[in-house]
Amino acid sequence: MAEKSSLRIVFMGTPEFAVASLDALVQAGYNVVGVITAPDKPAGRGMKLTESAVKKYAVQHGLHVLQPEKLKNPVFLKELIALRADLQIVVAFRMLPEAVWNMPKMGTVNVHGSLLPQYRGAAPINWAVINGEKETGVTTFKLKHEIDTGDILLQESFPIGEDETAGEVHDRMKEIGAQLLVKTVEGLENGTLQEKPQSSMVNGEWSMGNPETSGTHSPLTTHHSPLQHASKIFTETCKIDFTKTVEEVHDLIRGLSPFPGAFTTFNGKLMKIYKSKKEVTAGRPAESGLTDNSFTTDGKTYFKFACSNGFVHVLELQLEGKKRMLIEDFLRGYRS
């Protein structure tokens, strides 16, 4: 096996989440011979061309950058072949055609933000929080035809706090994932890492045997629980239904914070809620004759919506046409 400095790696990623992994590879001394990222896109009021977070990092560190519009473009494929990669790394990038992921001799490794096979799909962090999971993690695995189904290399789990938002989980996960990626590359490089196939579905449940693991990373122990999916987040997903429980509404709010944001309507305007806290009561609140989507406030310190088993207190919000603000600042200017 080649020395660390001579192992040729091509890195593929676009958003800020991927930068931590790219930086970890660079800091570990790996030879990143190419960085593939999205084309520059117009953004902002002036619609100026904006570089991806990964491109900005790559340019700052003198890395070779390719920005193909289409991954099946023959010109791009020729450029990719010319990089002579031993291994490709994918972090928060688009779906790859087989001509790309099957190109290097050591294959293509993906960093996924869940403990696969749970939460396959586009938004694993959001859905883990929305569903009230107490734990999540990161998985490195080899790409193959079906999305997020390749053989697992390493996994590391960590807890999700009761009030932690998807954004906060994201920020912790990107660092944990970056270090797990370096350990994965090291294991592949020295031949000590064994690929472990993901489970097959049996009666709507997944079972994962008890394969060996290395280091301190979480073992893939036997599980029997419904397989959860992480589909793309749509506008309808973000609409708050206050007929649900306090726990469900609170988890939706934090699972969509800071982006795209859970929302409701208030005085005919869109209100996004970014942070909340729970107040569980015995049965549906009735002290003020509250109905669905009803709220109560003292006008100074609290503003809360009634749910099926209590109240959800709004702690941070953004009203349509206004800036994001703390509830105290909102109430200071609120008139009923």
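Model, not experiment: these values are computed from the prediction.

**Observations concerning the side chain of threonine 108**
As for its position among the elements, threonine 108 is in strand β7 (residues 108-112). Taking relative accessible area as the criterion, threonine 108 reaches 1% and is therefore assigned buried. Side-chain polar atoms of threonine 108 contact the side chain of glutamine 88, separated by 2.9 Å. Polar contacts involving the side chain of threonine 108 include one to the main-chain carbonyl oxygen of tryptophan 101, which spans 2.8 Å. Not counting chain neighbours up to four residues away, the residues in contact with threonine 108 comprise Gln88, Val90, Leu96, Val100, Trp101, Phe141, Lys142 and Leu143.

**Quick notes on the nonpolar core**
Residues Phe11, Ile89, Val185, Met271, Phe303 and Phe330 are the most contacted members of the largest nonpolar core, which totals 68 residues. At 8 residues, the largest contribution of residues to this core is made by helix α6 (residues 166-190). Once residues lying within four places of it in the same chain are set aside, the contact partners of valine 185 are Leu7, Ile9, Leu25, Tyr30, Leu87 and Ile89. Leu77, Phe93, Val100 and Leu116 belong to the second largest nonpolar core, which has 20 residues in total.

**Some points on the sheet that holds strand β5 (residues 65-66)**
As summarised here, the arrangement of the 7 strands in space is β5-β2-β1-β6-β7-β9-β10, forming an open sheet in which the pairing is mixed. Across the chains shown, the open sheet's two edge strands, defined by having one partner strand only, are β5 and β10 (152-159). Helix α1 (residues 16-27) contacts β1 (8-13), β2 (31-36) and β6 (87-91) of the sheet and is inclined by roughly 165° relative to β1. Lying over the sheet, α6 contacts β1, β6, β7, β9 (135-142) and β10, oriented at roughly 150° with respect to β10.

**Notes on the confidence of the model for the protein**
On average, residues of the protein score 89 in pLDDT, and 87% of them are at 70 or above. For residues 208-223, every residue scores under 50 in pLDDT, and the model assigns this stretch 36 contacts once sequence neighbours within four places are set aside.

Rules and cut-offs
- Residues numbered from 1 in each chain as written.
- Predicted model: local features only at pLDDT ≥ 70, side-chain atom pairs only at ≥ 80, totals over all residues.
- Heavy atoms only, no water.
- Helix = DSSP H or I, 4+ residues; strand = E, 2+ residues; numbered from the N terminus.
- Buried < 20%, exposed > 50% of the residue type's maximum accessible area, 1.4 Å probe, protein only.
- Polar contact = N/O pair within 3.5 Å; in protein donor to acceptor, adjacent residues only side chain to side chain.
- Contact = heavy atoms within 4.5 Å.
- Core = buried A, V, L, I, M, F, W, Y, C linked by side-chain atoms within 4.5 Å.
- Pairing = 2+ DSSP bridges.
- Axes fitted to C-alpha atoms, helices over the stretch in contact; angles between N-to-C directions.
- pLDDT = per-residue confidence, 0-100.

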